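# Fold and geometry: a report
Below, each chain spelled out in residue letters.
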Amino acid sequence: MKEGENIIIELKNVYKHYHMGENLVRAVDGVSLKVMEGEFVAIMGPSGSGKSTCMNLVGSLDVPTKGRIFLDGDDISTLSESDLAQIRGKKIGFIFQSFNLIPNLTAKENIMIPMMFQGEDVYIRENKAEELLKLVELADRGNHYPNELSGGQRQRVAIARALANDPEVILADEPTGNLDTKTGHIVMEFLEKLNHEGRTIIMVTHDPDLAQAHADIVYWLKDGKIEKTTKKKNGWSKTGKEKLRELKEERRK
Amino acid sequence: MIIDSFILSLKNLKHRGIRSWLTLLGIFIGVTAVVSLISLGNGLQLAVSSQFGISSTELITVEAGGITGAGPPGSGAVNPLTTKELDAIEKISSVKRATRRNIAAGKLEYNDRVVFGYAASVPSGDDRKFIYEQLGKGAVEGRLLKDSDVGKVFLGYNFYVNKVGLDKEIISGKKVLINDKEFEVVGILEKQGSFIFDNVVYMNEKDMIDLFDLGDKVDIIAVQPVDKNEMDKTKADIERVLRRIRNVKEGEEDFVVSTPEASLASINGILAGVKAFIVIVAFISIFIGALGIVNTMTTSVLERKGEIGIMKSIGARNEHIFMQFFIEAGLLGLLGGLVGALLGTLLGVLGTQGINSFIGADLKPNIDFMLIFFSLIGSFLIGALAGIIPAMRASKQNPVDALRG
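All figures in this text were calculated on a predicted structure; none of them were measured in a lab.

Looking only at helices and strands, chain A features 8 helices and 10 strands. The buried share among the 253 residues of chain A stands at 46%. Within chain A, contacts between residues separated by at least 24 positions form 70% of all contacts whose residues are at least 6 apart in sequence.

What follows is the structure, given as structure tokens:
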């Protein structure tokens, strides 16, 4: 790791154990990892490897049994559930395997919701949602309900929703799991594009090819432990880093 | 945040199934009952009073006691009133006028059809004028009786519109047989609004005494006091005189002297009971409605566990989730209240119209916008209150468990 790069999420020797009937399940068993700003990280593992639990911890949806998790420098165990939710809503955008759109709301309304939780004014929400719909090429689908959209379209709405609060991290849980190969590619292209624009992407997947094809760093998870870590030969995307710098300067203005 | 929660809740309500709407039935029924009861207002009292024949507020009536429960007033008395009592009452200083009234059951034949009903006597002279004044209105067709009329009758309104069971309405100039004796109909009394007056055959006192062989028997003595503000004193005077004549002790009277106030009071007592009953029913319905909302909201929290998880993962604080479910429950209640208030008002208006056409009155429905406003606020609060516990459960969902579904 190079100096001056910001750590966005850090897990320090994290354990997550829970009881399932009589058995103690060591879902996550001493994991330490750092996610740096601008990285494309994949957490790879077969089912039962603890990757879902790991994702919940990385996404600060869950608190560890032991160990500490830092989200942008804050120890999440010191935050109240509500405050954690607020910070999570601001800093992390979630993309789920099953899209998890709210069925009673239109595509546009689904995108507006995270901004509502951050207390944004309604006209800012509307403008941003329309902008994001354009970005995911669904400008004409804003008033459709999720059940009127195809799987690929739904996942693109979910991506737009994840971007609503301009989060530093996008956390994608099997983003292509419910999609056919072609639409899966489109979704991955979006994620790549977002990474090139400087966003940190954490993807959880069971598909080693997918992980290796897109991620700069892959954490291979097995039985709740990181078995190995692999990096892309050329480290992580230079263009991403440059773009990030530009983006930051732009924001400063 | 609250406005946003309202909008979100409204959207959710829009997608609710019929099951949720059914739970509103309780609140709906409760609010309907209260609003319609108040919209009816005095109409109900007037309708009931008129059914009991209380149209005058200045008449004291005297009847013999020991009524068997069958037949017209006084007819079943063991010891009926007579002209002796009538004369005695007339002599009381606080009594301005005492009028003999007889009511007898009989049969009326017209056009080969027979109906059974009541005939009432009409006194002569000044008393006639007085009674006509009490009946208020004149003849709707033909005329009323005069002192000189013999063998003639006028009829209650229901004969005119044929609500008494004949095959044809009766108009003036027709002949009818009453207890097999022929009488000529001279006219129809205007509608009084109660079968007590509208189903009756009216004939002159002398005809009545002859036809029913009444002798000196009197069914009702209608007393007009000198001062209508001294009803109770007049009543006491009459009671004292009658006790002496009939030789009964105080507390063992075989006669009843009733003032309109007392009759009205007993009717108001009955009505108050009915109203209290309706209010109790309303409150029970509203309580059940509230339980319904607790139930439907609890189910909804379970059904939407995943949604709660999503909301939390994208940044919803516990308050956001709480408010959404809380307001949704309130809106459910409000909706029940809204339908109830509309239907209640409608019932009030229709009911008043019904009473108007029934007793010929001109009442206005009592539409109280404050009442409607407060019943809507109340319904919202009841709904929201019922939603507190489910909303708290929703807000305390762990996002991971909620997402797992």
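For the rest of this paragraph, the subject is the overall build of chain B. Looking only at helices and strands, chain B has 15 helices and 13 strands in total. Relative to a compact globule of 405 residues, whose C-alpha radius of gyration would be 22 Å, chain B shows 32 Å and is clearly more extended. Looking at chain B residue by residue over its 405 residues, the buried ones come to 42%. Summarising the internal contacts of chain B: among those between residues at least 6 apart in sequence, 80% fall at separations of at least 24.

Looking now at the sheet that holds strand E5 (residues 74-75) of chain A. All names here are of chain A. Taking strand neighbours across the sheet as the criterion, the 4 strands line up as E2-E1-E4-E5 in an open arrangement whose pairing is antiparallel. Edge positions in the open sheet fall to strand E2 (23-36) and E5, since each of these has one partner strand only. As paired strands, strand E1 (residues 7-20) and E2 are joined by 11 bridges and run antiparallel to one another. For Ile9, the partnering residue across the bridge sits in E2 and is Val35. On top of the sheet, helix H1 (residues 51-58) reaches E1, E2 and strand E4 (66-71); it is set at about 130° to E1, its chief contact.

On to unusual backbone geometry. Not every positive phi belongs to a glycine, and A:Glu174 is a case in point at roughly 45°. Mapped onto the elements, A:Glu174 comes out in the loop between strand E7 (169-173) and helix H6 (181-196). Positive phi, close to 55°, is recorded for B:Asp213, a residue that is not glycine. Residue B:Asp213 is classed as exposed on the basis of its C-beta count, with 8 C-beta atoms lying within 10 Å.

Next up on the list: helix H1 (residues 2-14) of chain B. All names here are of chain B. End to end, H1 covers 18 Å across 13 residues, agreeing with the expected 18 Å (1.5 Å per residue, within 8%). By the burial criterion, the buried members of H1 are Ser5, Leu8, Ser9 and Asn12. The arc that holds the buried residues of H1, viewed along the axis, is 100°, so those residues lie on one side. Across from the buried face of H1, at angles greater than 90 degrees, the exposed residues are Ile3, Leu10 and Lys14.

Residue and element names in this part refer to chain B. Relative to the elements of secondary structure, Val186 occurs in strand E9 (residues 181-189). With 43 residues separating them in the primary sequence, Val186 and Arg143 have C-alpha atoms 5.8 Å apart. Residues within four places of Val186 in sequence aside, it is in contact with Gly142, Arg143, Leu145, Asp149, Lys152, Phe154 and Ser172.

Attention now moves to the interface of chain A and chain B. With 21 residues of chain A at the interface, the matching set in chain B holds 17 residues. Of all elements in the fold, only helix H2 (81-91) and helix H3 (107-117) of chain A reach the threshold of two or more residues within the side of chain A that touches chain B. A per-element tally of the side of chain A that touches chain B places H2(A) first, with 7 residues.

Moving on, we come to the sheet that holds strand E1 (residues 60-64) of chain B. Residues and elements named next belong to chain B. What the 4 strands build is an open sheet, ordered E3-E12-E1-E13; its pairing is antiparallel. Edge positions in the sheet fall to strand E3 (95-101) and strand E13 (255-258), since each of these pairs with one other strand and no more. Averaged over all neighbouring strand pairs, the angle between strand axes comes to 20°, with direction disregarded. In this sheet, strand E12 (residues 220-225) lies alongside E3 in antiparallel orientation, the contact comprising 6 bridges. Paired with Arg100 across the bridge in E12 is Ile221. Across the sheet, helix H5 (residues 83-91) lies against E1, E3 and E12, angled at about 165° from E3, the strand it touches most. Most of the contacts of helix H6 (residues 126-135) go to E3, to which it runs at about 85°, and overall it touches E3 and E12.

Domains assigned within chain B are domain 1 (2-50 + 265-404) and domain 2 (57-260). Once you take the C-alpha centre of each, domain 1 of chain B and domain 2 of chain B turn out to be 51 Å apart.

To continue, consider the confidence of the model for chain B. Of the residues in chain B, 93% reach a pLDDT of 70 or more, and the chain-wide mean stands at 84. The ipTM, which scores confidence in the relative placement of chains, is 0.85 for this predicted complex, and the corresponding pTM is 0.72.

Before going further, it helps to spend a moment on the environment of A:Phe117. By the secondary structure assignment, A:Phe117 is in helix H3. A:Phe117 gets classed as buried once you count the C-beta atoms within 10 Å, which come to 24. Between the C-alpha atom of A:Phe117 and that of A:Gly89, which follows or precedes it by 28 residues, the distance is 7.6 Å. Setting aside its immediate chain neighbours within four residues, A:Phe117 contacts A:Gly89, B:Ile314, B:Gly315, B:Ala316, B:Arg317 and B:His320.

Residues and elements named next belong to chain B. Pairing between strand E4 (residues 103-110) and strand E5 (residues 113-122): 8 bridges, direction antiparallel. Bridge pairing in E5 places Gly106 opposite Gly117. Counting the residues in the hairpin turn of E4 and E5 gives 2 residues, including Asn111, whose phi is positive at 55°. Two strands pair when backbone bridges link them, and E5 and strand E10 (residues 200-204) are joined in this way by 5 bridges, in the parallel orientation. When the bridges of E10 are listed, Ala120 appears paired with Tyr202.

Residues and elements named next belong to chain B. One way to put it is that helix H11 (residues 260-303) packs onto helix H14 (residues 369-395) with a least axis distance of 8 Å and a crossing angle of 25°. On the basis of the axis angle, H11 is roughly parallel to H14. In this structure, the crossing between H11 and H14 has a hand that is right-handed. Contacts from Ile286, Ala290, Ile293, Val294, Met297, Thr298 and Val301 in H11 reach Ile382, Gly383, Leu385, Ala386, Gly387, Ile389, Pro390, Arg393 and Ala394 in H14. Taken together, the residues that form the contact of H11 with H14 break down as 12 nonpolar, 3 polar and 1 charged.

All names here are of chain B. Contact geometry for H5 and helix H10 (residues 231-246): axes closest at 10 Å, N-to-C directions at 140°. Compared by their axis directions, H5 and H10 come out oblique. For the crossing formed where H5 meets H10, the hand is right-handed. Within the contact between the two elements, H5 uses Lys84, Glu85, Ala88 and Ile89 and H10 uses Ile238, Val241, Leu242 and Ile245. Classifying every residue of the contact of H5 with H10 by side-chain character gives 6 nonpolar, no polar and 2 charged.

Thresholds applied
- Residues numbered from 1 in each chain as written.
- Chains lettered and ligands numbered in written order.
- Predicted model: local features only at pLDDT ≥ 70, side-chain atom pairs only at ≥ 80, totals over all residues.
- Helix = DSSP H or I, 4+ residues; strand = E, 2+ residues; numbered from the N terminus.
- Buried ≥ 20, exposed ≤ 12 C-beta atoms within 10 Å, placed from the backbone.
- Contact = placed C-beta atoms within 7 Å.
- Rg over C-alpha atoms; globule rule 2.2 N^0.38 Å.
- Pairing = 2+ DSSP bridges.
- Axes fitted to C-alpha atoms, helices over the stretch in contact; angles between N-to-C directions.
- Expected span 1.5 Å × (residues − 1).
- Arc of directions from axis to C-beta.
- Domains from an automatic or database assignment.
- pLDDT = per-residue confidence, 0-100.
- Parallel < 35°, antiparallel > 145°, perpendicular 65-115°, else oblique.
- Left-handed = near helix turned anticlockwise from the far one by under 90°.
- Nonpolar A, V, L, I, M, F, W, Y, C, P; charged D, E, K, R; others polar.

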